[in-house]
Amino acid sequence: MKIAVSGAGGFLGWNICRVAIEQDHDIIGIIRNNSMQLDTCVTEQCDLTDHDAVEKLIERIRPDSFIHCAAASDPNFCQQNQPLAEKINVQSPTYLAQLCARKSIAFSFTSTDLVFDGTSAPYDERANVNPLSVYGKQKAAAEQAILKENSSALICRMPLMYGAVPQGVKRFLQQWIDQLQSGKALSLFTDEFRTPVSAADAALGLLMFTGSVHGILHLGGKERISRYDFGLIAAEMLGVSPSLISGCKQSDIKMAAPRPADVSLNSNKAYLLGFSPGSIRSELQKVLL
Ligand SMILES: NC(=O)c1ccc[n+]([C@@H]2O[C@H](COP(=O)([O-])OP(=O)(O)OC[C@H]3O[C@@H](n4cnc5c(N)ncnc54)[C@H](OP(=O)(O)O)[C@@H]3O)[C@@H](O)[C@H]2O)c1
């Protein structure tokens, strides 16, 4: 299948390109600034908020499927840069969904567990959304607009993801590894729960369902865990002392974007369809060891 992946210089998009190449898909990675280090992947540069440029690009590359991972993905950035984040997180995916519907291209959107308020986890696909942050509100607004514009679209709500990253990108796990390996202490939330999944498994899920499943689908992992307990597992696997990890509460750290307490996902629908994410330990092993 010929698949265009936006945000291909970012964390998830890059992982999707890696996995898709292994599956012998014909991949076009769409990047903005960050250049990808995937020799076998064709890349195209495009600012996806420029709708004319997007239409010309799609017309030229004509993919069978478009997986949209480009986003303003940092909730604190979105909280402080609302108009720009709105263009990237709402207007751009809405336009893409409409364009893909017009051109009969399968469209998959990556949303987030942060569309929920964290008070009644675990959340399945029928649960009411009630985002706390600007980022969560923008993703929820994009979901609604996409489904209105494109009834065949797939909306995958992603949980917290961890795994290998492209050069120049850092995610929470890489920051933890750097700190722990240099003997520095980490203070992690004991009262924030997610159902993390490795980016490699998330990529497998998105590739499995793009073009074949429509509507909303949760792609969470099978374990509900706090950041603190996740950190303890990482420390143990890195062979560093667990005493480097201490617990703190969400309320101890001031951040621009409000954070829900427990946005664990119920992903049984995806599991029944064949999505089978590995355990945190087995997936961490692939990244850490
Ligand atoms: N990471 C997680 O744990 C997590 C959890 C839940 C949901 N998600 C969702 O999963 C998706 C992927 O997240 P991620 O962690 O991979 O994000 P990321 O690493 O921040 O990557 C986002 C990518 O989007 C690109 N981008 C931003 N604005 C653009 C524009 N105007 N035109 C073209 N490209 C643009 C960025 O390009 P540059 O490289 O040029 O900046 C970046 O490569 C997002 O939809 C995010 O909301 C992520």
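Every value quoted in this text rests on a predicted model; they were computed, and no experiment measured them.

With that settled, the discussion passes to helix 10 (residues 280-288). Of the positions making up helix 10, those classed as buried are Ile280, Glu283, Leu284 and Leu288. Each buried residue of helix 10 sits inside an arc of 125 degrees when the element is viewed along its axis, so together they form one side. In this structure, the buried residues of helix 10 make contact with strand 7 (161-162), helix 6 (172-181), strand 10 (197-198), helix 7 (199-209), strand 12 (225-226) and helix 8 (227-238).

With that settled, consider the site of the ligand. The ligand sits among 27 residues. The nearest are Leu12, Asn33, Ser73, Tyr135 and Arg171. Ser73 has a polar side-chain atom sitting 2.7 Å from an oxygen atom of the ligand. Within the side chain of Arg171, an N or O atom sits 2.5 Å from an oxygen atom of the ligand. In isolation the ligand exposes 890 Å². Once the protein is present, 90% of that is buried. For the shell around the ligand, the secondary-structure elements that each account for two or more residues are helix 1 (11-22), strand 5 (106-112) and helix 5 (134-149). At three residues, strand 5 tops the list of elements feeding residues into the shell around the ligand. Classifying every residue of the shell around the ligand gives 13 nonpolar, 10 polar and four charged.

Turning our eyes to something else, we now look at the sheet that holds strand 6 (residues 154-158). Reading across the sheet, the seven strands line up as 3-2-1-4-5-6-11 and stay open at both edges, with parallel pairing between neighbours. Here the strands that pair on one side only, and so sit at the sheet edges, are strand 3 (42-45) and strand 11 (215-218). Taken pair by pair, the neighbouring strands of this sheet meet at an average axis angle of 20 degrees, ignoring direction. Across the face of the sheet, helix 5 comes into contact with strand 5, strand 6 and strand 11 while running at roughly 155 degrees to strand 5. Strand contacts of helix 7: strand 1 (2-6), strand 4 (65-68), strand 5, strand 6 and strand 11, with the helix running at about 165 degrees to strand 6, the strand carrying the most contacts.

With that settled, consider unusual backbone geometry. The omega angle of the peptide bond from Ala121 to Pro122 is 0 degrees, so this bond is cis rather than trans. Inspection of the secondary structure puts Pro122 in the loop between strand 5 and helix 5. Of note, Asp24 is a non-glycine position whose phi angle comes to about 65 degrees, a positive value. Here Asp24 lies in the loop between helix 1 and strand 2 (26-31). Asp24 sits in the exposed class, given a relative accessible area of 70%. Of note, the phi angle at Ser104 is positive, near 55 degrees, even though the residue is not glycine. Within the secondary structure layout, Ser104 lies in the loop between helix 4 (82-102) and strand 5.

The next thing to look at is the pattern of salt bridges. Scanning the model with the defined rule gives 15 salt bridges in all. Arg126 serves as the salt-bridge partner of Asp124, at 2.6 Å between the closest nitrogen and oxygen. Asp124 gets classed as buried once you look at its relative accessible area, which sits at 19%. When salt bridges that share partners are traced, they join Glu55, Glu59, Arg62, Arg102 and Lys103 into one network.

The subject of this paragraph is the nonpolar core. Ile16, Leu206, Phe209 and Leu219 are the most contacted members of the largest nonpolar core, which has 32 residues in total. Looking at this core, the elements that each hand over two or more residues are strand 1, helix 1, strand 2, strand 6 and helix 7. Leaving out residues up to four positions away in the same chain, Ile16 has contacts with Val5, Ile67, Cys69, Ala203, Leu206 and Leu207. Formed by 24 residues, the second largest nonpolar core is a distinct cluster that contains Ile61, Ala97, Leu99 and Ile105.

Attention shifts here to the packing of helix 8 against helix 10. One can describe the packing of helix 8 onto helix 10 by two numbers: an axis separation of 10 Å at closest approach and a directional angle of 50 degrees. Between helix 8 and helix 10, the crossing angle belongs to the class labelled oblique. At the point where helix 8 passes helix 10, the crossing takes the right-handed sense. Contacts between helix 8 and helix 10 involve Phe230, Ile233, Ala234, Glu236, Met237 and Leu238 on the former and, on the latter, Ile280, Arg281, Leu284, Gln285 and Leu288. Split by residue class, the contact of helix 8 with helix 10 holds eight nonpolar, one polar and two charged.

Criteria and thresholds
- Residues numbered from 1 in each chain as written.
- Predicted model: local features only at pLDDT ≥ 70, side-chain atom pairs only at ≥ 80, totals over all residues.
- Heavy atoms only, no water.
- Buried < 20%, exposed > 50% of the residue type's maximum accessible area, 1.4 Å probe, protein only.
- Helix = DSSP H or I, 4+ residues; strand = E, 2+ residues; numbered from the N terminus.
- Arc of directions from axis to C-beta.
- Contact = heavy atoms within 4.5 Å.
- Near = heavy atom within 4 Å.
- Polar contact = N/O pair within 3.5 Å; in protein donor to acceptor, adjacent residues only side chain to side chain.
- Areas by Shrake-Rupley, 256 points an atom, 1.4 Å probe, with all protein chains shown as cover.
- Nonpolar A, V, L, I, M, F, W, Y, C, P; charged D, E, K, R; others polar.
- Pairing = 2+ DSSP bridges.
- Axes fitted to C-alpha atoms, helices over the stretch in contact; angles between N-to-C directions.
- Salt bridge = Lys/Arg side-chain N within 4 Å of Asp/Glu carboxyl O.
- Core = buried A, V, L, I, M, F, W, Y, C linked by side-chain atoms within 4.5 Å.
- Parallel < 35°, antiparallel > 145°, perpendicular 65-115°, else oblique.
- Left-handed = near helix turned anticlockwise from the far one by under 90°.

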